[in-house]
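Residue strings, one per chain:
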Amino acid sequence: RVELRSCGGQHIDQLMMGQPFKIATLLEIKKPIEDVFVEVGISTLDGLRVATVQNIDQARPGFSLKPGLQEITVEIDTTLLPRECVIDVVVGHLSGLVIDWVERTFQFTALNVTKDSTDHYRWGEVRGFVRPKSVWRGPYPASG
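(A) Spotlight on the overall build of the protein chain. Along its length, the protein chain carries zero helices and eleven strands. Shown N-terminal to C-terminal, the secondary structure of the protein chain runs as helices and strands in the order β-β-β-β-β-β-β-β-β-β-β. Counting across all 144 residues of the protein chain, residues that qualify as buried make up 33%. Sequence-distant contacts in the protein chain: of pairs separated by 6 or more residues, those separated by 24 or more amount to 63%. Of the side-chain charges in the protein chain, 16 are positive and 18 negative, and the distance between the mean point of each set is 4 Å.

Put into structure tokens, the structure is as follows:
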């Protein structure tokens, strides 16, 4: 099972612009598995991958999964531009061997409004997929 959650843990199916969120996966493990990576992808409805995170990003170690139901959550802080999205989940060994790959596990909507309504995406046609954090300076008189 896959769920989209607010950072407070509530199940949601829409994201406000700029809202950090969690993706929770519930895995049924039949036998112990060592050195596991879990990948969560966010894709467009037509299958174009927008963002990918893995538990082994930033040189973190793989997971050890014990038999039974195991819940794994990842908190993501990126601004998705307005559109319908789906979540894909991959579980594999650090060697690269894929154990399971499930596409389109959950569909949600990235909205064009923020919680306090001070920010929105201005254009009718969405250009791009995410709005990265950025720092702007200037304008300054050009020298030269």
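(B) How the structure looks around the sheet that holds strand β7 (residues 68–76). Here we have three strands laid out as an open sheet, ordered β1-β3-β7, and antiparallel in their pairing. At either margin of the open sheet sits one strand with a lone partner, and together these are β1 (2–6) and β7. The mean inter-strand angle of the sheet, taken between neighbouring strand axes irrespective of direction, is 25 degrees. By the bridge criterion, nine bridges tie strand β3 (residues 21–29) to β7 in an arrangement that is antiparallel. Bridging from a neighbouring strand, Phe21 pairs with Ile76 of β7.

(C) Up close: unusual backbone geometry. The linkage connecting Gly138 with the following residue, Pro139, adopts the cis geometry, with an omega of 5 degrees. Looking at the element boundaries, Pro139 is found in the segment after β11 (130–131). A positive phi angle, close to 50 degrees, is found at Asp35, a residue other than glycine. Inspection of the secondary structure assignment puts Asp35 in strand β4 (residues 33–44). Its identity is not glycine, yet Arg104 carries a phi of approximately 55 degrees, on the positive side.

(D) Structural context of the pairing of strand β9 (residues 83–93). The buried count for β9 comes to eight of eleven residues, which makes it a mostly enclosed element. Where β4 and β9 come together, nine bridges link them in antiparallel fashion. Of the residues in β9, the one forming a bridge with Val38 is Val91. The loop that links β9 with its antiparallel partner strand β10 (residues 98–110) comprises four residues; one of these, Gly96, has a positive phi angle of about 105 degrees.

(E) Quick look at the nonpolar core. The biggest cluster of nonpolar side chains holds 25 residues, and the ones touching the most others in it are Leu4, Phe21, Ile23, Leu80, Ile87 and Phe108. Elements supplying a minimum of two residues to this core: β1, β3, β4, β7, β9 and β10. Here the element with the most residues in this core is β4; it accounts for five residues. Contact partners of Phe21, with chain neighbours within four places excluded, come to Leu4, Arg5, Cys7, Leu15, Ile42, Val74, Glu75, Ile76, Thr78 and Leu80.

(F) Representation of the pattern of salt bridges in the model. Scanning the entire structure with this criterion turns up seven salt bridges. Linking Glu3 and Arg1 is a salt bridge whose minimum nitrogen-to-oxygen distance equals 3.6 Å. Its salt-bridge partner being Glu3, residue Arg5 comes within 2.9 Å of it at the nearest N-O pair. Several salt bridges converge on common partners, so that one network encompasses Arg1, Glu3, Arg5 and Glu71.

Conventions we followed
- Residues numbered from 1 in each chain as written.
- Predicted model: local features only at pLDDT ≥ 70, side-chain atom pairs only at ≥ 80, totals over all residues.
- Heavy atoms only, no water.
- Helix = DSSP H or I, 4+ residues; strand = E, 2+ residues; numbered from the N terminus.
- Buried < 20%, exposed > 50% of the residue type's maximum accessible area, 1.4 Å probe, protein only.
- Contact = heavy atoms within 4.5 Å.
- Lys, Arg positive; Asp, Glu negative; His and termini not counted.
- Charge placed at Lys NZ, Arg CZ, Asp CG, Glu CD.
- Pairing = 2+ DSSP bridges.
- Axes fitted to C-alpha atoms, helices over the stretch in contact; angles between N-to-C directions.
- Core = buried A, V, L, I, M, F, W, Y, C linked by side-chain atoms within 4.5 Å.
- Salt bridge = Lys/Arg side-chain N within 4 Å of Asp/Glu carboxyl O.

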